[in-house]
Amino acid sequence: MSKVFKMILGAFITVVVLMVVTFINWEYIFGDNRPIANAKAVYQIEFKDKDIAETSDVDNRILYVVPKGHLDTYIKMMRKKGYELTERDPKHNTLLLKKGNSYTEINYRKFARKYTIIDSPFLKEV
């Protein structure tokens, strides 16, 4: 009985220490991402068969997660909002969209080998 108690106590202490280290180094480990929000977005794509999922970062900027190589889904969504794709630069991972006389540059980056995160310049309403 005492060996089982010592093992459970040791595992509990290890988990607490790991949680404290993660909490202290949160910004270094995750940057400006919200890991739980990104996990929800990946869940929506994988298990709910959505083509695009919305998430946000710590600054409440809207981010979109799409499967790798499926930027056309985002472009179609923006076309419905009145934007038109004028330039696509895969070397610098940018899309240039136009609405009226104003241009908006959208950046995207690789995320977790199978996905792409698209940085939207729009803020999420809190």
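Residues numbered from 1 in each chain as written. Predicted model: local features only at pLDDT ≥ 70, side-chain atom pairs only at ≥ 80, totals over all residues. Heavy atoms only, no water.

Trainee: Is there a simple way to think about the side chain of S120 in this case?
Mentor: As for its position among the elements, S120 is in strand β6 (residues 115–123). Residue S120 is classed as buried on the basis of its relative accessible area of 2%. Those residues in contact with S120 that lie beyond four places of it in its chain are R61, I62, L63, Y64 and Y74. (Helix = DSSP H or I, 4+ residues; strand = E, 2+ residues; numbered from the N terminus. Buried < 20%, exposed > 50% of the residue type's maximum accessible area, 1.4 Å probe, protein only. Contact = heavy atoms within 4.5 Å.)

Trainee: What exactly am I supposed to notice about the nonpolar core here?
Mentor: Y64, Y74, M78, L95, L97, I106 and I118 are the most contacted members of the largest nonpolar core, which has 14 residues in total. Looking at this core, the elements that each hand over two or more residues are β2 (61–67), α4 (71–80), β4 (94–99) and β5 (102–111). Broken down by element, the residue count for this core peaks at five residues, all from α4. I106 has contacts with Y74, N93, T94, L95, L97, I118, D119 and P121, leaving out every residue within four places of it along the chain. Core analysis: the next-biggest nonpolar cluster, separate from the first, contains nine residues, L63, V65, F111 and Y115 among them. (Core = buried A, V, L, I, M, F, W, Y, C linked by side-chain atoms within 4.5 Å.)

Trainee: What should I look at first to understand the pattern of salt bridges in this one?
Mentor: Two side chains bearing opposite charge may form a pair once their charged atoms approach each other closely. Tallying each qualifying case throughout the model produces four salt bridges. The partner of E46 in a salt bridge is K114, and the shortest N-O contact between them spans 3.5 Å. Linking E46 in helix α3 (residues 35–47) with K114 in the loop between β5 and β6, this pair joins segments that are 68 residues apart in sequence. The closest approach of N and O atoms between D57 and R61, which form a salt bridge, is 2.9 Å. (Salt bridge = Lys/Arg side-chain N within 4 Å of Asp/Glu carboxyl O.)

Trainee: Would you mind going over the packing of aromatic side chains with me for this structure?
Mentor: Scanning the entire structure with this criterion turns up two aromatic pairs. Considering the side-chain rings of Y43 and F47, the 5.3 Å spacing of their centres and the 40° angle between planes classify their relative orientation as tilted. Of this pair, Y43 and F47 both sit in helix α3, separated by four residues, roughly a single helical turn. Given a relative accessible area of 42%, Y43 falls into the partly exposed group. A residue is classified by how much of its surface remains accessible, and F47, at 63% relative accessible area, is exposed. (Phe/Tyr/Trp six-rings, centres within 6.5 Å; stacked < 30°, edge-to-face > 60°.)

Trainee: What exactly am I supposed to notice about unusual backbone geometry here?
Mentor: Among all residues except glycine, the phi angle is most often negative; among peptide bonds, the trans geometry is most common. With a phi close to 65°, N60 is a non-glycine residue in the positive phi region. In this fold, N60 is placed in the loop between β1 (53–56) and β2. Non-glycine residue R113 carries a positive phi angle of around 65°. Relative to the helices and strands, R113 resides in the loop between β5 and β6. A relative accessible area of 70% places R113 in the exposed class.

Interpretation in functional terms is not warranted from these geometric data alone.
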